[in-house]
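# Analysis of the macromolecular model
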Amino acid sequence: MRHTKQTDLPMNKNILIIPGDGIGQEVTKWGTAILEKIAELHGHNFVFDEAIMGHTAIEATGNPLPDETLEKAKTSDAILFGAIGHAKYDNDPSAKVRPEQGLLKIRKELGLYANLRPILLFDELLDASSLKPEVLRGTDILFFRELTGDVYFGEKNRSADGNFASDLMNYNRFEVERIAVKAFEAARTRRGKLCSVDKANVLETSRLWRETVQEIAKKYPDVETEHMFIDNAAMQLVKNPRKFDVVLTANLFGDILTDEASQIAGSMGMLASASVGDGTGFYEPIHGSAHDIAGQNKANPLASILSAALMLDIGFGLKEEAGLVTNAVAETLKAGFRTMDIADTSTAKENILGTNEMGIKVLETVTEFVNQ
Ligand code: IPM
Ligand code: MG
């Protein structure tokens, strides 16, 4: 008889899967499989639906975020997303309809103003990073990237002759306040440190940002607050990543800093993220669609699997189940298995797995843990 663990009350959840573009399709399959496995092992009832977005949706409907997808998104309990983008648009700046518009619109429509990006460092991957293991060891950072404001959503202009362009960078005080509160609350449950990153020596939006964070900080005297300029933060992050606990920053700065920070975790293929705010939470790897390796069973499914873990944890409050998934990933890495992107010279050839084989390993490990 299968061992069914029911430490939490059984949950009924509607989960929307949006695989998106490129490797999003193949990695999301494994994020979904892990959720199915957890439901089976822990007696939850997860019902899955699927929808299209990005280049895939443009091809099918002409719209990167079809109304049907948005409707399904709004009525689901959580969304697991894959990746977005296509090289075709990257090399065609004149394209008016772009895959990324779908992602930005769904973030805005769902009010997903806080993007949490944990830099989870598995000891086994210390050598996969281009940075020195002694610099990385012990790093544990949680980024709070603001996600529905900034230059991403400001007015865009292009002059009639095409020779002038502008993107308006703007923030409202309340937009800074609400994400700052979330970040301070998180800092309290961690090591009690918060670093707010801005460019207040140059930008007015950053001066509003800093002023607001300073105000909120007064309510959290137990949290050690620091303010850092983005250029310095980019440098400190690779010089001494251990000094950071919670990092709070704006949309554009957060986009850039978290790609940089992914190198601390060894690969972009390892980092998961959770976007939360007013409604349905959205869980996604931070990596892109990587069309160069799409459809070849080469992509790393671990970021999607870890995104599923974040859904269980942050979305559904299923801490035990989330821990199980994260531990299964750690165990799989400990056993020596790697995808191409996280393999190094010491990895035995037969331990370098494809997307599907890695997904199966993690599923098997989760099952073993529960049946132990
Ligand atoms: C990310 C991505 C997106 C962003 C792109 C695909 C629009 O880079 O989620 O970090 O810039 O926010
Ligand atoms: Mg990015």
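A brief report on the enclosed structure follows. (Residues numbered from 1 in each chain as written. Chains lettered and ligands numbered in written order. Predicted model: local features only at pLDDT ≥ 70, side-chain atom pairs only at ≥ 80, totals over all residues. Heavy atoms only, no water.)

### With respect to empty space enclosed by the protein
Threshold: Here a cavity denotes a set of grid points, spaced 1 Å apart and computed over the protein atoms alone, in which a 1.4 Å probe fits but from which it cannot get out, and a pocket denotes an open set meeting protein on both sides within 12 Å along at least five of seven lines; residues with an atom within 4 Å of a point are reported as lining. Grid points are joined across faces, edges and corners, and a volume is the space filled by probe spheres set on the points. The way it works is that DSSP assigns letters per residue, a run of H or I at least four long becomes a helix, a run of E at least two long becomes a strand, and they are numbered from the N terminus.
What the rule picks out here adds up to two cavities of 30 Å³ or more. Within this model, the largest cavity holds a volume of roughly 70 Å³. Lining of the largest cavity is provided by Asp-150, Met-169, Tyr-171, Val-197, Asp-198, Thr-205, Ser-206, Trp-209, Ala-250 and Phe-253. Secondary structure elements with two or more residues in the lining of the largest cavity: strand E8 (193–198) and helix H8 (204–217). The dominant element in the lining of the largest cavity, judged by the number of residues it contributes, is H8, at three residues.

### A word on the packing of helix H12 (residues 319–334) against helix H13 (residues 355–371)
Which entries qualify depends on this criterion: Note on geometry: axes are C-alpha line fits, over the in-contact stretch for helices, and angles between N-to-C directions span 0 to 180 degrees. Should an angle fall under 35 degrees it is called roughly parallel, over 145 degrees roughly antiparallel, and 65 to 115 degrees roughly perpendicular, with every other angle called oblique. Crossing chirality is assigned from the near helix's rotation relative to the far helix, an anticlockwise turn below a right angle marking it left-handed and a clockwise turn marking it right-handed. Contacts are assigned to residue pairs with any non-hydrogen atoms lying within 4.5 Å of each other. Gly falls in the polar group here, along with every residue not listed as nonpolar (Ala, Val, Leu, Ile, Met, Phe, Trp, Tyr, Cys, Pro) or charged (Asp, Glu, Lys, Arg).
Interaxial distance between H12 and H13 falls to 9 Å at its minimum, and their mutual angle equals 120 degrees. By the angle class used here, H12 and H13 are oblique. You can see that H12 and H13 cross each other, and the crossing is right-handed. The segment H12 lies against H13, with Leu-324, Val-325, Asn-327, Ala-328, Val-329, Glu-331 and Thr-332 engaging Met-358, Lys-361, Val-362, Thr-365, Val-366, Phe-369 and Val-370. Looking at the contact of H12 with H13, its residues break down into nine nonpolar, three polar and two charged.

### Some words on the environment of Pro-19
Structurally, Pro-19 is set in strand E1 (residues 12–20). Here the alpha-carbon distance between Pro-19 and Phe-81, two residues 62 residues apart in the chain, equals 5.5 Å.

### Some points on the environment of Ser-307
Take Ser-307: it is sitting in helix H11 (residues 302–315). When the C-alpha atoms of Ser-307 and Glu-284 are compared, they prove to be 5.5 Å apart, with 23 residues separating the residues in sequence. Setting aside chain neighbours within four positions, we find Ser-307 in contact with Leu-80, Ala-272, Ser-273, Tyr-283, Glu-284 and Pro-285.

### Some words on helix H3 (residues 67–75)
Within an α-helix, residues lying three or four positions from one another point in the same direction, as the helix has 3.6 residues per turn. Here is the rule we go by: A simple rule labels every residue: compare its accessible area, found with a 1.4 Å probe on the protein chains alone, to the largest value its type can have, and call it buried under 20%, exposed over 50%, or partly exposed in between. The directions from the helix axis to the C-beta atoms are what the arc is built from.
Among all positions in H3, only Thr-69, Leu-70 and Ala-73 are buried. Relative to the axis of H3, the buried residues are bounded by an arc of 95 degrees and lie together on one face. Pointing more than 90 degrees away from the buried face of H3 are the exposed residues Asp-67, Glu-68 and Thr-75. Elements that come into contact with the buried residues of H3 comprise E1, strand E3 (78–83) and helix H5 (99–109).

### Some remarks on the nonpolar core
Put simply, the rule is: In this text, buried Ala, Val, Leu, Ile, Met, Phe, Trp, Tyr and Cys residues form a nonpolar core when linked through side-chain atoms within 4.5 Å.
Ranked by size, the top nonpolar core spans 90 residues in total, and within it Ile-34, Leu-35, Phe-144, Phe-184, Leu-248, Leu-302 and Leu-312 carry the most contacts. Counting residues per element, this core draws most heavily on H11, which supplies eight residues. Among the nonpolar cores identified, the runner-up in size contains 15 residues, and Ile-18, Leu-70, Ile-79 and Ile-106 belong to it.

Just distances and angles here, no functional claims.
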